[in-house]
Amino acid sequence: MRAVRFDRYGGIEVLQVVEVPIPELSRSEVLVKVKAASINPGEAKIRGGLMHAMWPATFPSGEGSDLAGIVTKVGPGVESFAVGDEVIGFTDQRASHAEYVVVKAQNLTIKPAKVPWDVAGSLAIAGSTAYASVRAVSLKRGDSVAVSAAAGGVGSIAVQLAARAGAEVIGIASPANHEWLAAHGVKSEAYGAELASRLREERIDAFIDTHGGGYVKLAVELGVSRERIDTIIDFAAAREYGAKTEGSSAALNASVLAELATLVASGDLEVPIAATFPLSEVRRAFSLLEQGHIRGKIVLLP
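These notes cover the structure that comes with them. Source: prediction; values computed, not measured.

### Re the nonpolar core
Right, on to step 1. Leu123, Leu139, Val145, Val159 and Leu161 are the most contacted members of the largest nonpolar core, which totals 41 residues.
Right, on to step 2. Counting only elements with at least two residues in this core, the list comes to β5 (86-90), α2 (117-120), α3 (124-136), β8 (144-148), α4 (155-164), α5 (178-183), β11 (206-209) and α9 (254-265).
Right, on to step 3. Leu199, Tyr215, Ala237 and Ala238 belong to the second largest nonpolar core, which has 19 residues in total.

As structure tokens, this is what we get:
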């Protein structure tokens, strides 16, 4: 099978698509033929060596966590899935950017028929991160919550989940994304020098930071309680100010995936897809990701 590999830290030039054996199954595992697997900013950071202290790579390294595909084989002890099932899931083995991936059965859920493959392959990391961040700030009806990078992979889901919780959502995003945000019931605020004063007028109750670069400090200066500030990226600021850092690890499970997939299938949640690429163009996919200001997700279609 073909799979993405890199044998040293570096830029997109270290990414290779190579032939490797189809992995063998162990107990409670499932072999999935991958139909879609999104890419995430964290994967670019790992490949660049920026996360070596926390998540070191072992070379040659694969990559990818999100996945959606078709079950082609089940291992001993697996009773919840059968060959031919269409599934959504995730792997913690950096392995989903490939034609086949072995997944723990507990990390899978059935894909609803109305959920497109590209969306299904984008749900796990961004969806669970958005889910956890919204839950972390304890929204209630009538609250006002600001979300930075509100049209990004995580932010675009977080603003919708926050609105479903009954909050008034203020999305911080570039003007090109304001129309999309408005269509989802989100009030837009553009980046810029006057952002702080504009947000101060909104009387913010909670803040979800999906961007970094000073938003935790801004939320504190706006008077938001530290218990209602969550950042998925600025861990240093969270330590300094006592904010929360709840992300995908707090909600990455099959139950949350099933809940999000049901919302997508019913039309109550949109996961915007910025672009799709064949596996052979993984470098182009990450090049686009690293340009920034992408609405939604970028997906590989093996």
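### Notes on the environment of Gln291
Right, on to step 1. Position of Gln291 relative to the elements: it lies in the loop between α10 (282-289) and β14 (297-301).
Right, on to step 2. Through-space distance from the C-alpha of Gln291 to that of Phe277 is 16 Å; in sequence the pair is 14 residues apart.

### Brief notes about the layout of surface pockets
Right, on to step 1. Taken as a whole, the second largest pocket holds about 190 Å³ of empty space.
Right, on to step 2. Lining the second largest pocket, in full, are Met1, Arg5, Pro23, Gly62, Thr91, Gln93, Arg94, Ala95, Ala98, Tyr100, Val101 and Val102.
Right, on to step 3. The greatest single-element share of the lining of the second largest pocket, amounting to three residues, is contributed by strand β6 (residues 100-104).
Right, on to step 4. Broken down by class, the residue content of the lining of the second largest pocket amounts to seven nonpolar, three polar and two charged.

### Some thoughts on the sheet that holds strand β9 (residues 168-172)
Right, on to step 1. Taken in spatial order, the five strands of this open sheet run β10-β9-β8-β11-β12, and their pairing is parallel. Where the open sheet ends on each side, the last strands, each with one partner, are β10 (187-189) and β12 (229-231). With strand direction ignored, the average angle separating the axes of adjacent strands in the sheet is 20°.
Right, on to step 2. Along the sheet, α4 contacts β8 and β9; its crossing angle with β8, the most-contacted strand, is approximately 170°.

### Remarks on the packing of aromatic side chains
Right, on to step 1. Applying the stated criterion to the full structure yields three aromatic pairs.
Right, on to step 2. For the ring pair Phe6 and Phe59, a centre distance of 6.0 Å and an interplane angle of 70° mean the geometry is edge-to-face. With Phe6 in the loop between β1 (2-5) and β2 (16-19) and Phe59 in the loop between α1 (41-47) and β4 (66-74), this residue pair connects regions lying 53 residues apart in the sequence.
Right, on to step 3. Classification of Phe6 by relative accessible area gives buried; the value is 2%.
Right, on to step 4. Since its relative accessible area comes to 34%, Phe59 is described here as partly exposed.
Right, on to step 5. Judged by centre distance (5.0 Å) and plane angle (80°), the ring pair of Tyr9 and Phe59 falls under edge-to-face. Of this pair, Tyr9 sits in the loop between β1 and β2 while Phe59 sits in the loop between α1 and β4; the two residues are 50 residues apart in sequence, bridging distant segments of the chain.
Right, on to step 6. Its relative accessible area of 26% is what places Tyr9 among the partly exposed residues.
Right, on to step 7. By way of ring pairs, the aromatic residues Phe6, Tyr9 and Phe59 are connected into one cluster.

Reading the values: rules and limits
- Residues numbered from 1 in each chain as written.
- Predicted model: local features only at pLDDT ≥ 70, side-chain atom pairs only at ≥ 80, totals over all residues.
- Heavy atoms only, no water.
- Core = buried A, V, L, I, M, F, W, Y, C linked by side-chain atoms within 4.5 Å.
- Buried < 20%, exposed > 50% of the residue type's maximum accessible area, 1.4 Å probe, protein only.
- Helix = DSSP H or I, 4+ residues; strand = E, 2+ residues; numbered from the N terminus.
- 1 Å grid on protein atoms, 1.4 Å probe; cavity = no way out; pocket = protein on both sides within 12 Å on 5 of 7 lines; lining within 4 Å.
- Points joined across faces, edges and corners; volume = space filled by probe spheres on them.
- Nonpolar A, V, L, I, M, F, W, Y, C, P; charged D, E, K, R; others polar.
- Pairing = 2+ DSSP bridges.
- Axes fitted to C-alpha atoms, helices over the stretch in contact; angles between N-to-C directions.
- Contact = heavy atoms within 4.5 Å.
- Phe/Tyr/Trp six-rings, centres within 6.5 Å; stacked < 30°, edge-to-face > 60°.

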